[in-house]
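# Structural characterization, general
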Amino acid sequence: KGAKGGCDFPLAPDDPLALRAAVQSALGAPPRRVPAEVLARWTWERLAAQTLEVYQQILRRRHTKRARIEQNKKDAALAAATNQLRQDGWGLLRSNPREAVRAAELLLQRNDQDAAGQGLMGAAQLTLNEFAQAETWLRRAVDTDPSPPPMYFLYLAIAQRMQSRRDEAFRTIGRAKDLAP
């Protein structure tokens, strides 16, 4: 710009006199002519609309990101609560099998395909001498879990044996042996 009344760069930001001189020079300079096609194309209304659109995009991204973060927090909290419920349920199995049933019910309300919840329900029913129900739940757990723990088969074999199905119980124990490390 220099000769047309602007300032020559670089301008030292720590030199107030040079900044003042540059501002005064710019204020005293004749206005620059802007081509008519530029003025027609870049109106204040258009600039305001584009600015608004950019702000809305930023807010949508922030909202989406915030919502995703909140959902991740909820998912993590639910997973932690579910794991705690599983642990508590198995801990209650001997001391209070009815509470273990309640814990299993809560797990299954959250996800009816939860093999751990099905296994807990079967084990709790077995503890309560509800052998047919125990067998039903333990079969579900074994069928749902791609690699069920051997204890599910052992509980299932006990439920079968208690229903006088000895041969079936032996076959079930054989399946448990096949899965044991």
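Structure first, text after, so check above.
Reading guide: rules and limits
- Residues numbered from 1 in each chain as written.
- Predicted model: local features only at pLDDT ≥ 70, side-chain atom pairs only at ≥ 80, totals over all residues.
- Heavy atoms only, no water.
- Helix = DSSP H or I, 4+ residues; strand = E, 2+ residues; numbered from the N terminus.
- Rg over C-alpha atoms; globule rule 2.2 N^0.38 Å.
- Contact = heavy atoms within 4.5 Å.
- Areas by Shrake-Rupley, 256 points an atom, 1.4 Å probe, with all protein chains shown as cover.
- Core = buried A, V, L, I, M, F, W, Y, C linked by side-chain atoms within 4.5 Å.
- Buried < 20%, exposed > 50% of the residue type's maximum accessible area, 1.4 Å probe, protein only.
- Axes fitted to C-alpha atoms, helices over the stretch in contact; angles between N-to-C directions.
- Parallel < 35°, antiparallel > 145°, perpendicular 65-115°, else oblique.
- Left-handed = near helix turned anticlockwise from the far one by under 90°.
- Nonpolar A, V, L, I, M, F, W, Y, C, P; charged D, E, K, R; others polar.

### Quick notes on the overall build of the chain
Counting secondary structure elements, the chain contains 8 helices and 0 strands. Starting at the N terminus and ending at the C terminus, the chain contains elements arranged as α-α-α-α-α-α-α-α. Against the 2.2 N^0.38 benchmark of 16 Å for 181 residues, the chain shows a C-alpha radius of gyration of 37 Å, more extended than a compact globule. C-alpha extents for the chain along the principal axes are approximately 105 × 40 × 30 Å. Within the chain, residue pairs in contact and separated by at least 24 positions form 45% of the contacts whose partners lie at least 6 positions apart. When the accessible surface of the chain is summed, it comes to about 13200 Å², and 56% of that surface belongs to carbon and sulfur atoms.

### Thoughts on the nonpolar core
Of all hydrophobic cores here, the largest spans 12 residues; its members are Leu93, Ala100, Val101, Ala103, Ala104, Leu107, Leu108, Leu120, Met121, Ala123, Ala124 and Trp137. Of all the elements in the fold, those that place two or more residues in this core are helix H4 (97–110) and helix H5 (115–127). Take this core: its biggest share by element is 6 residues, from H4. Other than its neighbours up to four places away in sequence, Ala123 contacts Trp90, Leu93, Leu138 and Tyr155.

### Focus: the packing of helix H6 (residues 131–144) against helix H7 (residues 150–162)
Put simply, H6 and H7 touch, their axes get as near as 9 Å, and they point 150° apart. Judged by the angle between their axes, H6 and H7 are roughly antiparallel. Seen from above, H6 lies across H7 with left-handed handedness. Contacts from Phe131, Ala134, Glu135, Leu138, Arg139, Ala141 and Val142 of H6 reach H7 at Tyr152, Phe153, Tyr155, Leu156, Ala159, Gln160 and Met162. Residue composition of the contact of H6 with H7, grouped by class: 11 nonpolar, 1 polar and 2 charged.

Just distances and angles here, no functional claims.
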